[in-house]
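# An overview of the molecular structure
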Amino acid sequence: MSVQETQSTGSRRKFLVLVPLLLFLGLAGVFLLQLLSGRDTSVVPSALIGQPAPETELAPLDGVDLPGLSSTEFGGQVTLVNVWASWCAPCRAEHPLLMQLAQDERIQIAGLNYKDKPENARRFLGNLGNPYDAIGVDQNGRSAINWGVYGVPETFLIGADGKIVYKHVGPITPQSLQSALKVEVEKALAAARNSTDQ
């Protein structure tokens, strides 16, 4: 092997060692920029924003005297659709805030019970209270797919015109309730008033 071939092989090895290192540093830089961007990770862009709520017709939760979830009920009133399950710890954490929102009679709150056992869902509501005006059971998760749900909990705000105006991913927190959700509810209520005034 000549000196030239030895140098060529050494250069190739150095290059092969540098490529993974450069890729790692590039990815680390991208992740760091995302982390430091200050962007709210609970706000996930949704193709459904501005679109009519997906057609939904879910049976009611057995043993609870409430109607099921029907998208035909969304028109004419501002509606919050909360995707929840009894097995979901963050759903339990956000539940007191939903109970607080339920005091506002200007909006209706509908629950989409996701892949849950009816007895567990009833026990959850019995222990923590029931903020919902309607509860639809999505046993197989197909309706959640139509809504573009990533996981539970997620909350959608539907304007009086039946269109989705806001989506919150993850549990509602006191901060997100004040800084985002209540602001969006007020906007949706104002839009509903303006449309009836015309």
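In case you missed it, the structure is sitting above this.
Residues numbered from 1 in each chain as written. Predicted model: local features only at pLDDT ≥ 70, side-chain atom pairs only at ≥ 80, totals over all residues. Heavy atoms only, no water.

## Brief notes about the environment of phenylalanine 124
Following the sequence through the fold, phenylalanine 124 ends up in helix α3 (residues 118-128). For phenylalanine 124, a relative accessible area of 2% translates into the label buried. Note: C-alpha distance between phenylalanine 124 and alanine 85 (39 residues apart in sequence) is 8.6 Å. When sequence neighbours within four positions are dropped, the list of residues in contact with phenylalanine 124 reads Trp84, Ala85, Ser86, Cys91, Arg92, His95 and Gly129. (Helix = DSSP H or I, 4+ residues; strand = E, 2+ residues; numbered from the N terminus. Buried < 20%, exposed > 50% of the residue type's maximum accessible area, 1.4 Å probe, protein only. Contact = heavy atoms within 4.5 Å.)

## What to know about the packing of helix α2 (residues 89-101) against helix α5 (residues 174-197)
Between α2 and α5, whose axes approach to 10 Å, the crossing angle comes to 40°. Taken as axis vectors, α2 and α5 run oblique relative to one another. Once α2 is placed against α5, the crossing between them reads as right-handed. Two secondary-structure elements touch here, α2 through Leu97, Gln100 and Leu101 and α5 through Pro174, Leu177, Gln178, Leu181 and Lys182. Residues belonging to the contact of α2 with α5 are distributed by class as follows: five nonpolar, two polar and one charged. (Axes fitted to C-alpha atoms, helices over the stretch in contact; angles between N-to-C directions. Parallel < 35°, antiparallel > 145°, perpendicular 65-115°, else oblique. Left-handed = near helix turned anticlockwise from the far one by under 90°. Nonpolar A, V, L, I, M, F, W, Y, C, P; charged D, E, K, R; others polar.)

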